[in-house]
Amino acid sequence: MKYASEAPNERAAEAAARSGVPASAPEEQRGTRNRVARSILDHGPSTAAELAQRLELTQAAVRRHLDTLVADGVVEPREKRVYGARGRGRPAKVFALTDCGRDAFDQAYDKLAVDALHWIEQSAGGGEAGRAAVAAFARARLAAQAEGYRGTVEAATPGRRTEALADALSADGYAATARSAPVGEQLCQHHCPVAHAAERYPQLCEAETEVFSQLLGTHVQRLATIAHGDGVCTTFIPKTGEVEKTDTSTTRTTTASASTAGRNPE
């Protein structure tokens, strides 16, 4: 992300606007707001309390910066998604990056990606044939990307392979984390460099889901995607013991899970 403090002369105002920080704001305030936005990118939708703890600021200070970022269209308040039984009281409010906010984090090539995929689709004749051509491209691209992750994932112990995959994805700009979940784990990608392209071409999400399944050696289920408006791309990985061991069963489940990629869970 290009911050206002790093932009020379005439580019300063543009860089500041993209980061959601007015060029006239004091340098320290601009830097802090950039840190708030970056923390949301790295960790996903966050409450003011979570941001205050991570950034070692007071909640009052964080809320002031959030108010400015909301006013500038960089972040937006949302109701916190609760998995499982919801407790009493109102759900906590979290703050997530908007499309404008994500654009500030190096998505300059998004339009080029969409144009390239459109060309592939039309060159194949459009319709079903066009969609199949885009899917074939997505699988080939993700398969090549996965080869760079395979060594890292396979070198990890079985219980840490999701974490190893998250580390590999983070190195490629996906700001990924792994966390425990009931009867399994969740792989969370807090940034997607091709979010706008994936919004139009969900084949990218589907191919990624298939690659995760292959790398981890188990079926996976995509629960949410940034491309579909969620704050985080979330993939559920069940405990190995929960997966049937037969090749036929694994293949069937993986295909079913991949077909839900790019859609919100019902």
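Just above sits the structure.
Residues numbered from 1 in each chain as written. Predicted model: local features only at pLDDT ≥ 70, side-chain atom pairs only at ≥ 80, totals over all residues. Heavy atoms only, no water.

Engineer: Which residues make up the pattern of salt bridges, and what are the values?
Structural biologist: Using the criterion set out here, one finds six salt bridges in the structure. The partner of R78 in a salt bridge is E76, and the shortest N-O contact between them spans 2.9 Å. Residue class for R78 comes out partly exposed when judged on its relative accessible area of 24%. Across the pair R222 and E208 runs a salt bridge, and its minimum N-O distance is 2.9 Å. (Salt bridge = Lys/Arg side-chain N within 4 Å of Asp/Glu carboxyl O. Buried < 20%, exposed > 50% of the residue type's maximum accessible area, 1.4 Å probe, protein only.)

Engineer: Help me get a handle on the pairing of strand β6 (residues 233–238), residues and values and all.
Structural biologist: Buried residues dominate β6, accounting for six of its six residues. Residues C233, T235 and I237 of β6 are buried on one face, and the alternating residues T234, F236 and P238, pointing to the opposite face, are buried as well. With six bridges joining them, strand β4 (residues 184–189) and β6 adopt antiparallel strand pairing. Note on β6: the bridge partner recorded for Q186 is F236. As paired strands, strand β5 (residues 221–224) and β6 are joined by three bridges and run antiparallel to one another. Across the sheet, the residue bridging to Q221 is F236, located in β6. (Helix = DSSP H or I, 4+ residues; strand = E, 2+ residues; numbered from the N terminus. Pairing = 2+ DSSP bridges.)

Engineer: Explain empty space enclosed by the protein to me, using residue names and the numbers behind them.
Structural biologist: Evaluated as defined, the whole model comprises two cavities of 30 Å³ or more. Contributing to the lining of the largest cavity are R141, L142, Y174, Q189, H191, C192, V194, A198, L204, C205, E208 and C233. At the level of secondary structure, the elements contributing two or more residues to the lining of the largest cavity comprise α7 (127–155) and α10 (203–216). For the lining of the largest cavity, the leading source of residues is α10, giving three residues. Broken down by class, the residue content of the lining of the largest cavity amounts to eight nonpolar, two polar and two charged. Elements represented by at least two residues in the lining of the second largest cavity include exactly α7 and α10. The leading source of residues in the lining of the second largest cavity is α10, at four residues. Residues that form the lining of the second largest cavity fall into these classes: six nonpolar, one polar and one charged. (1 Å grid on protein atoms, 1.4 Å probe; cavity = no way out; pocket = protein on both sides within 12 Å on 5 of 7 lines; lining within 4 Å. Points joined across faces, edges and corners; volume = space filled by probe spheres on them. Nonpolar A, V, L, I, M, F, W, Y, C, P; charged D, E, K, R; others polar.)

Engineer: So, the side chain of E121: which residues are in play, and what are the values?
Structural biologist: Relative to the elements of secondary structure, E121 occurs in helix α6 (residues 110–123). R200 is the oppositely charged side chain nearest to the buried, salt-bridge-free E121, at an N-O distance of 5.0 Å. At 3.1 Å, the side chain of E121 forms a polar contact with the side chain of Y201. In contact with E121, not counting residues within four places along its chain, are G126, G130, R131, V134 and Y201. (Lys, Arg positive; Asp, Glu negative; His and termini not counted. Polar contact = N/O pair within 3.5 Å; in protein donor to acceptor, adjacent residues only side chain to side chain. Contact = heavy atoms within 4.5 Å.)

Engineer: Quick rundown of the sheet that holds β6? Include the residues and the values.
Structural biologist: Hydrogen bonds along the backbone pair up the strands of a sheet, which may run parallel or antiparallel. Judged by pairing direction, the sheet is antiparallel, and its four strands sit side by side in the order β3-β4-β6-β5 without closing on themselves. The sheet is open, and its two edges are formed by β3 (176–181) and β5, each paired on a single side. On average, each strand axis in the sheet is inclined to that of its neighbour by 25 degrees, with strand direction left out of account. Each of β3, β4 and β6 is contacted by helix α8 (residues 161–171), which is oriented at about 160 degrees to β3, the strand it contacts most. Across the face of the sheet, α10 comes into contact with β4, β5 and β6 while running at roughly 135 degrees to β5. (Axes fitted to C-alpha atoms, helices over the stretch in contact; angles between N-to-C directions.)

Engineer: So what's going on with the packing of α8 against α10? Which residues, and what values?
Structural biologist: It is the contact of α8 with α10, at a shortest axis distance of 10 Å, that shows an interaxial angle of 130 degrees. One way to sum up the angle between α8 and α10 is to call them oblique. Taken as a pair, α8 and α10 cross one another with a handedness that is right-handed. Judged by residue contacts, R161, T162, L165 and L169 of α8 engage F212, L215 and L216 from α10. Classifying every residue of the contact of α8 with α10 by side-chain character gives five nonpolar, one polar and one charged. (Parallel < 35°, antiparallel > 145°, perpendicular 65-115°, else oblique. Left-handed = near helix turned anticlockwise from the far one by under 90°.)

Engineer: Could you give me a rundown of the side chain of Q203, with the residues and numbers involved?
Structural biologist: Note that Q203 resides in helix α10. Using a relative accessible area of 10% as the deciding quantity, one classes Q203 as buried. In terms of polar contacts, Q203 uses its side chain to reach the backbone carbonyl oxygen of R131, at 3.3 Å. Those residues within four positions of Q203 in sequence are excluded, and the remaining contacts are R131, V134, A135 and A138.

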